[in-house]
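# Structural description and commentary
Spelled out from the first residue to the last, the chains are:
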Amino acid sequence: MTVTDAPRIVTRRLRRPRSWTLSSYLEDGGYDGLRKALSMSPSEVHDAVNVANLLGRGGAGFEAGRKWGMLAKTTPVYLAINGDESEPATFKDHMLIESDPHQLIEGSLICAYAVGADQVFLYTRGEFALGLERLQSALNEAYAYGAVGRGILGSDWSIDVVVHPGAGAYICGEETALLESLEGKRGYPRIKPPFFPAAVGLYGAPTIVNNVETVSNLPWVVLNGGEAFAALGEGRSKGTKIMALSGHVRRPGNYELEFAKATFRDLIFDPSLGAGIPGDRDLKAFIPGGVSSPWLGPDHLDTELANEKIAEVGTMAGSGAVTVMDDTTCPVRAAWRIVRFFHRESCGQCTPCREGSGWVEKIMHRIETGNGRPEDLDLLLDVCDNISPGVTWPPAQTTICVLGPSIPPAPAAAVRMFRDDFMEHIGEGRCPFPPDRLPRGVVRV
Amino acid sequence: MARLNPDNEQRARDLIALYPHPRSALIPVLHLLQAQDGYLTPEGMQHVGELVGLEAAEVRGTASFYDMFHTEPVGRYLISVCTNIACMLQGAYELLEHAQTHLGIAPGGTTADGTFTLEDAECLALCGNAPCVTVNWRFFGDMDRARFDSLLSRLAAGDLDGEVPPHGTLCRVRRTVGVPAAGASVGSAGGPDPEWHRRDGTGTGVPAEAARPGAPADGVTDGVELETVASTPAVAALDGPDSGAIR
């Protein structure tokens, strides 16, 4: 199976010089999607997105059209775009915000038109300073062009868009935490039910929260039709997906691939994609969908890149972030670093997550530093079991949001796949792997 | 300096006017305060509270949740070294150790001359250019020891002032359009929605100045050049001189 030459939907403009400017965007049909959407009724736009079966690109993979359909029919209605990309090893939205902000604005406007929103908030991760500058600049241009504001593109539809910076908190990528943050509060996820902000969202009003990559697809979907989008990919996974490839590969980067037409092997080893592991070392394991997902090993390289195919092998496509680890990688250290992240980012509301993340981190750290005890593996899994009973996939929920259940998958996968490595750490009283080193001269293809 | 200066106070009022409820502007206004003073002073947070209708303690309560806000002074350059998984696999801890030795400070510390503060950061989303660091949230990827040393000396010499603004400056581009007149469109907390965006069609539409032409074109705003020269744009992860990786 080879990589198809399907159209690049959301990344095709990124190579253009000054791709973030209005003039560059207009040269390539910018705002034509919005123009076409305004010639349709909102429900026709919604229908096109339903036909496209556009899945949310933020990690949960929920159908965007279905989410819109849950919107309570009261006013006002808000649209919040989730650009708080912080899942480790995910860097697609950062790129889309910085390099094609007009596409994001146009997609947001199409979404706002379809759901009948009264105001749009582009919640952007605070650390994306250049992205915020380009996005605000693009918004200024879009106003002047007449694509945002009053009487958009000559129609009688008006809406305001606000660029809202975050301030550094992973949890604000969780949609209810994002709304709390947008209300000027600490980013504490809300208790469910109500399960969807579409019923009770920002200021208690119905709110749609969509990911940056999700809405960036909308101009193309409207222009080319839902059927054209649904013709790409297969099963539930339609269209294309940006795969963010990082770790031990020769060519890390963001690759937009048609769903279900390539495998992890293609992504990691194809010369036009990841181009293999530096030094032709062996693959030890890879993280298939962001650090919340259980790891996979070489046996699963031929899994197709499609949400349900990846789910079949006991993990998830998540945010599309694939991190490759070669045979010199210490699985204890890698899993410890992931757990340390969750420990630092736990908002602290729920005991299993707040306390559990710290204990798992401490146990893994002492194993990695050679102070592990033989009973530590059982203890580790026991604490994981307290955070998410059964340590199953998909994980059981004991906390308000899914950050808690995201803690066990990495250490549990590491223990399951590399128990011998853990025992060697404990038995020898030291880490048997070489330290992670800066590349000696960047490997080039 | 402790409270927002008149210009920033006006900018804060403009920001507050963008939201249906004043409190929503808290984080953007705190960024403004931090841009002014480099960190959040108690007097500044008091002032921000007055503007958005909160007690100073509530302002601090929100601010303390977020990693980007500092309530103590930090160095002129905040160096954040990402050590999360993608960067760690590319030697981020070796880089952090080198940074500590080079600067003579531990993560969280500031050099005696107040020039550099070092941070051990979580994933900064430039994983295609791992390991990466940010300086005042401007990205520098594909780091090694030599590049890191060169970055620090260029910063200290002021060579990168165009791309790396003073610490605390988040967004140098101002919103130039669509700002409703302060206080005219937004009630107090819990008040009605802005008159101009009512969905039932009775609203007055976006204020007149929103439609005024003349927003800066070509990506240059307020004299800020949005082209990067020294720092690493996120797109470089797939379009470097030798990768060409968008597929």
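Everything numeric in this text was worked out from a predicted model, so none of it was measured.

In terms of regular secondary structure, chain B is built from 8 helices and 6 strands. Each helix and strand of chain B, placed in order from N terminus to C terminus, yields the pattern α-α-α-α-β-α-α-β-β-β-α-β-β-α. Taken across its 247 residues, chain B has 57% of its residues classed as buried. Looking at chain B alone, contacts between residues at least 24 apart form 67% of all its contacts between residues at least 6 apart. Summed over its atoms, the accessible surface of chain B is roughly 9,200 Å², and 51% of this surface lies on carbon and sulfur atoms.

Quick look at the sheet that holds strand β3 (residues 133-135) of chain B now. All names here are of chain B. Strands sit in the order β2-β1-β3-β4 across an open sheet of 4 strands; the sheet is mixed. Of all the strands in the sheet, just β2 (116-121) and β4 (138-140) have a single pairing partner and so form its edges. Between one strand axis and the next, the sheet turns by 25° as a mean value, whatever way the strands run.

What follows deals with the interface of chain A and chain B. With 103 residues of chain A at the contact, the number on the chain B side is 90 residues. Note on chain A versus chain B: buried area summed over both sides is about 8,000 Å², and carbon and sulfur give 55% of it. On inspection of chain A and its partner chain B, the count reaches 10 salt bridges. At the boundary of chain A with chain B, the tally comes to 38 residue pairs in polar contact (both at pLDDT 80 or more). The element contributing the most residues to the side of chain A that touches chain B is helix α7 (residues 129-145) of chain A, with 12 residues. Classifying every residue of the side of chain A that touches chain B gives 45 nonpolar, 30 polar and 28 charged.

The next thing to look at is the nonpolar core. With 165 residues, the main nonpolar core has A:Ile105, A:Trp295 and B:Leu30 as its most contacted residues. Top element by residues in this core is helix α6 (residues 101-115) of chain A. It accounts for 9 residues. The contacts of B:Leu30, once residues within four sequence positions are left out, are B:Leu40, B:Met45, B:Val48, B:Val59, B:Ala63 and B:Phe69. Counting residues in each nonpolar core, the second largest holds 21 residues, with B:Ile79, B:Ile105, B:Phe140 and B:Val164 among its members.

Now for the pairing of strand β10 (residues 321-326) of chain A. Residue and element names in this part refer to chain A. The buried fraction of β10 amounts to 6 of the 6 residues, a majority that puts the element mostly inside the structure. Residues Ala-321, Thr-323 and Met-325 point to one face of β10 and Val-322, Val-324 and Asp-326 to the other, with burial holding for every one of them. Relative to β10, strand β9 (residues 283-287) runs antiparallel, the two being bridged by 4 bridges. Residue pairing across strands places Ala-285 opposite Met-325, the latter belonging to β10.

Residues and elements named next belong to chain A. When you tally the buried positions in strand β7 (residues 240-247), you get 8 out of 8 residues, the bulk of the element. Pairing between β7 and strand β8 (residues 253-258): 6 bridges, direction antiparallel. Following the sheet pairing, Ile-242 is matched in β8 by Glu-256. Hairpin connection of β7 to β8: 5 residues between the antiparallel strands. Where β7 meets β10, 4 bridges bridge the pair, whose relative direction is parallel. Of the residues in β10, the one forming a bridge with Gly-247 is Val-324.

This brings us to the layout of surface pockets. All names here are of chain A. Approximately 1,300 Å³ is the volume attributed to the largest pocket. Surrounding the largest pocket, 48 residues form its lining, Gly-58, Gly-59, Ala-60, Gly-173 and Val-402 being those nearest its centre. Sort the elements by how many residues they give to the lining of the largest pocket and strand β4 (residues 207-211) lands first, with 3 residues. Residue composition of the lining of the largest pocket, by class: 18 nonpolar, 19 polar and 11 charged.

It is worth spelling out unusual backbone geometry at this point. Working note: non-glycine residues mostly have negative phi, and peptide bonds are mostly trans. In this structure, A:Pro76 follows A:Thr75 across a cis peptide bond, with omega equal to -5°. Tracing the chain through its elements places A:Pro76 in the loop between α4 (64-69) and β1 (78-83). Of note in the backbone geometry, A:Ala89 takes a positive phi value of approximately 75° without being a glycine. Counting through the fold element by element, A:Ala89 comes out in the loop between β1 and α5 (92-99). Assessed through its relative accessible area of 1%, A:Ala89 is described here as buried. Phi at B:Asp142 takes a positive value of approximately 50°, unusual for a residue other than glycine. The partly exposed category is assigned to B:Asp142, whose relative accessible area is 23%.

Once that is clear, we can look at a negative patch on the surface. All names here are of chain A. On the surface, Glu-375, Asp-378, Asp-382 and Asp-385 cluster together into a negatively charged patch. Structurally, the position occupied by Asp-382 is in helix α16 (residues 376-387). For Asp-382, a relative accessible area of 42% puts it in the partly exposed group.

We now examine the packing of aromatic side chains. In this description, an aromatic ring pair is defined by two values, namely the gap between the centres and the angle between the planes. Tallying each qualifying case throughout the model produces 17 aromatic pairs over all chains. Summarising the aromatic geometry, the rings of A:Tyr78 and A:Tyr203 are spaced 5.5 Å apart at their centres and angled 80° between planes, so their arrangement reads as edge-to-face. In this pair, A:Tyr78 is assigned in strand β1 and A:Tyr203 in the loop between α8 (175-182) and β4, connecting sequence segments 125 residues apart. Relative accessible area serves as the criterion here: at 22%, A:Tyr203 is assigned to the partly exposed category. Seen in terms of ring centroids, B:Tyr66 and B:Phe69 are 6.4 Å apart; in terms of plane orientation they differ by 80°. Their pairing is edge-to-face. For the pair B:Tyr66 and B:Phe69, a shared accessibility class is recorded, and that class is buried. In textbook terms, an aromatic cluster arises when at least three aromatic residues are bridged by ring pairs, as seen for A:Tyr78, A:Phe121, A:Tyr203 and B:Tyr19. The ring of A:Trp20 carries the charged tip of A:Arg134 above its face, separated from the ring centre by 3.5 Å. Its end group placed over the ring of A:Phe418, A:Lys284 keeps NZ or CZ at 4.9 Å from the ring centre.

The subject of this paragraph is the sheet that holds β1(A). All names here are of chain A. If you trace the 4 strands from one edge of the open sheet to the other, you get β3-β2-β1-β4, paired in parallel fashion. Either end of the sheet is taken by a strand with one partner, and the two such strands are β3 (160-165) and β4. Neighbour-to-neighbour, the strand axes of the sheet open up by a mean angle of 20°, direction not taken into account.

Cut-off values and rules
Residues numbered from 1 in each chain as written. Chains lettered and ligands numbered in written order. Predicted model: local features only at pLDDT ≥ 70, side-chain atom pairs only at ≥ 80, totals over all residues. Heavy atoms only, no water. Helix = DSSP H or I, 4+ residues; strand = E, 2+ residues; numbered from the N terminus. Buried < 20%, exposed > 50% of the residue type's maximum accessible area, 1.4 Å probe, protein only. Contact = heavy atoms within 4.5 Å. Areas by Shrake-Rupley, 256 points an atom, 1.4 Å probe, with all protein chains shown as cover. Pairing = 2+ DSSP bridges. Axes fitted to C-alpha atoms, helices over the stretch in contact; angles between N-to-C directions. Buried area = accessible area lost by both parts, 1.4 Å probe. Salt bridge = Lys/Arg side-chain N within 4 Å of Asp/Glu carboxyl O. Polar contact = N/O pair within 3.5 Å; in protein donor to acceptor, adjacent residues only side chain to side chain. Nonpolar A, V, L, I, M, F, W, Y, C, P; charged D, E, K, R; others polar. Core = buried A, V, L, I, M, F, W, Y, C linked by side-chain atoms within 4.5 Å. 1 Å grid on protein atoms, 1.4 Å probe; cavity = no way out; pocket = protein on both sides within 12 Å on 5 of 7 lines; lining within 4 Å. Points joined across faces, edges and corners; volume = space filled by probe spheres on them. Patch = residues over 30% accessible without salt bridge, like charges linked within 9 Å, V, L, I, M, F, W, Y side chains within 5 Å. Lys, Arg positive; Asp, Glu negative; His and termini not counted. Charge placed at Lys NZ, Arg CZ, Asp CG, Glu CD. Phe/Tyr/Trp six-rings, centres within 6.5 Å; stacked < 30°, edge-to-face > 60°. Lys NZ or Arg CZ within 6 Å of the ring centre and 35° of its normal.

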